[in-house]
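Per-entry structural report
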Amino acid sequence: HIHLASLLQERGDFEAAEKTYRHLIQFSAGQIDAYEKLGSLLLVQKRLIDATCLLERATYVDGKRAGVWYLMGQVHLLQGQIPLATTTLLKAVELAPEDPLYREALFRVGGMCHENGLPGLAREVYDRILTVEPDYVLASINLGILNFSEKRYEEAVENFSRAVVLQPQDVEALLGLAQTYE
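Figured I'd write up the structure that's included with this text. Since the model is a prediction, treat every value here as computed from it, not as a measurement.

1. Quick notes on the overall build of the chain
- Scanning the chain for helices and strands turns up 11 helices and 0 strands.
- Reading the chain from its N end, one meets helices and strands in the order α-α-α-α-α-α-α-α-α-α-α.
- Its C-alpha atoms put the chain at 65 × 30 × 25 Å along the principal axes.
- The burial tally for the chain puts 46% of its 182 residues in the buried class.
- When contacts within the chain are restricted to residue pairs at least 6 apart in sequence, long-range pairs at least 24 apart make up 46% of them.
- When the accessible area of the chain is evaluated, it comes to approximately 9600 Å², of which 54% is carbon and sulfur surface.
- Both charge centroids of the chain, one from 17 positive and one from 25 negative side chains, sit 7 Å from each other.

Quick look at the structure:
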């Protein structure tokens, strides 16, 4: 049934796909794939309240499914709830640190946190990314920018230096490092 629902969704028959996913969920409550796929469908349709309710229920069924947490993060982003998006995307990365999709989404949220006056959350995001992937140059650069803006110059030098070691030709890392030494 899940393959049928996916096929219906691919063909654009969202109503039939949704009915099929809901049928699967109703008759097999542990069918976490159906929750995740239906959550994705609701997200695509921008039915954010429905998606939130469904995905929250999915976390009770299987709280260790990174894809569900990722989708919740996307819903929260569309709702403008940056702190909630950050929390749920951090959970997705915690559960599946090897998945670059989740790290990239988390990285984008880190920038949003910084831009929206949430430096503590931005720092937590970049630290988590660098814990999972120490060679993530852009996370090092953004953390350097954050540290520089907070006058934490020694930490900024460390961040920009790490980025320069990883990518010696990166102009942003070189400029950040030079500016920090001024």
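2. Side note on the packing of aromatic side chains
- Counted by the stated rule, this structure contains 4 aromatic pairs.
- Considering the side-chain rings of Phe107 and Tyr126, the 6.0 Å spacing of their centres and the 55° angle between planes classify their relative orientation as tilted. Taken together, the positions of Phe107 in helix H7 (residues 100-115) and Tyr126 in helix H8 (residues 119-132) put the pair 19 residues apart, joining distant regions of the chain.
- Judged by its relative accessible area of 13%, Phe107 falls in the buried class.
- Ring centres of Phe148 and Tyr153 lie 5.4 Å apart, and the angle between their planes is 65°; on these two criteria the pair is classed as edge-to-face.
- Overall, Tyr153 belongs to the partly exposed group, its relative accessible area being 37%.
- Each residue in the set Phe107, Tyr126 and Tyr136 is aromatic and connected to the rest through ring pairs, giving one cluster.

3. So, helix H3 (residues 32-44)
- With 13 residues, H3 ought to run about 18 Å at 1.5 Å a step, and its terminal C-alpha atoms sit 18 Å apart, in line with that.
- Taken together, the buried positions of H3 are occupied by Ile32, Ala34, Tyr35, Glu36, Leu38, Gly39, Leu41, Leu42 and Leu43.
- In the core, the buried residues of H3 are packed alongside helix H1 (2-10), helix H2 (14-27), helix H4 (48-61) and helix H5 (66-78).
- Positioned one or two residues after H3, Lys46 has a phi angle of 60°, which is positive.

4. With respect to the pattern of salt bridges
- One pass over the full model with this rule turns up 11 salt bridges.
- We note a salt bridge from Glu150 to Arg152, for which the minimum N-O separation is 3.4 Å.
- Note on Glu150: relative accessible area 30%, which makes it partly exposed.
- Of the charged contacts in the structure, one is a salt bridge between Glu155 and Arg152, with a shortest N-O distance of 3.2 Å.
- Since its relative accessible area comes to 32%, Glu155 is described here as partly exposed.
- Taken together, the salt bridges that share partners define one network made up of Glu18, Arg22, Arg47 and Asp50.

5. Details of the environment of Leu177
- With respect to the element layout, Leu177 can be found in helix H11 (residues 171-181).
- By relative accessible area, Leu177 is classed as buried at 16%.
- Separated by 19 residues in the primary sequence, Leu177 and Glu158 place their C-alpha atoms 8.8 Å from one another.
- Each residue touching Leu177, except ones within four places of it in the same chain, is listed here: Val157, Phe160, Ser161 and Val164.

6. Looking at the packing of helix H9 (residues 137-149) against H11
- Between H9 and H11, the least distance of the axes is 10 Å, while the angle of their chain directions is 25°. Classified by the angle between their axes, H9 and H11 sit roughly parallel to one another. The handedness of the crossing between H9 and H11 comes out as left-handed. Residues Ile141, Ile145 and Phe148 of H9 form the contact with H11, whose own contacting residues are Glu172, Ala173, Gln179 and Thr180.
- Each residue belonging to the contact of H9 with H11 can be placed in one class, and the counts come to 4 nonpolar, 2 polar and 1 charged.

Rules used in this analysis
- Residues numbered from 1 in each chain as written.
- Predicted model: local features only at pLDDT ≥ 70, side-chain atom pairs only at ≥ 80, totals over all residues.
- Heavy atoms only, no water.
- Helix = DSSP H or I, 4+ residues; strand = E, 2+ residues; numbered from the N terminus.
- Buried < 20%, exposed > 50% of the residue type's maximum accessible area, 1.4 Å probe, protein only.
- Contact = heavy atoms within 4.5 Å.
- Areas by Shrake-Rupley, 256 points an atom, 1.4 Å probe, with all protein chains shown as cover.
- Lys, Arg positive; Asp, Glu negative; His and termini not counted.
- Charge placed at Lys NZ, Arg CZ, Asp CG, Glu CD.
- Phe/Tyr/Trp six-rings, centres within 6.5 Å; stacked < 30°, edge-to-face > 60°.
- Expected span 1.5 Å × (residues − 1).
- Salt bridge = Lys/Arg side-chain N within 4 Å of Asp/Glu carboxyl O.
- Axes fitted to C-alpha atoms, helices over the stretch in contact; angles between N-to-C directions.
- Parallel < 35°, antiparallel > 145°, perpendicular 65-115°, else oblique.
- Left-handed = near helix turned anticlockwise from the far one by under 90°.
- Nonpolar A, V, L, I, M, F, W, Y, C, P; charged D, E, K, R; others polar.

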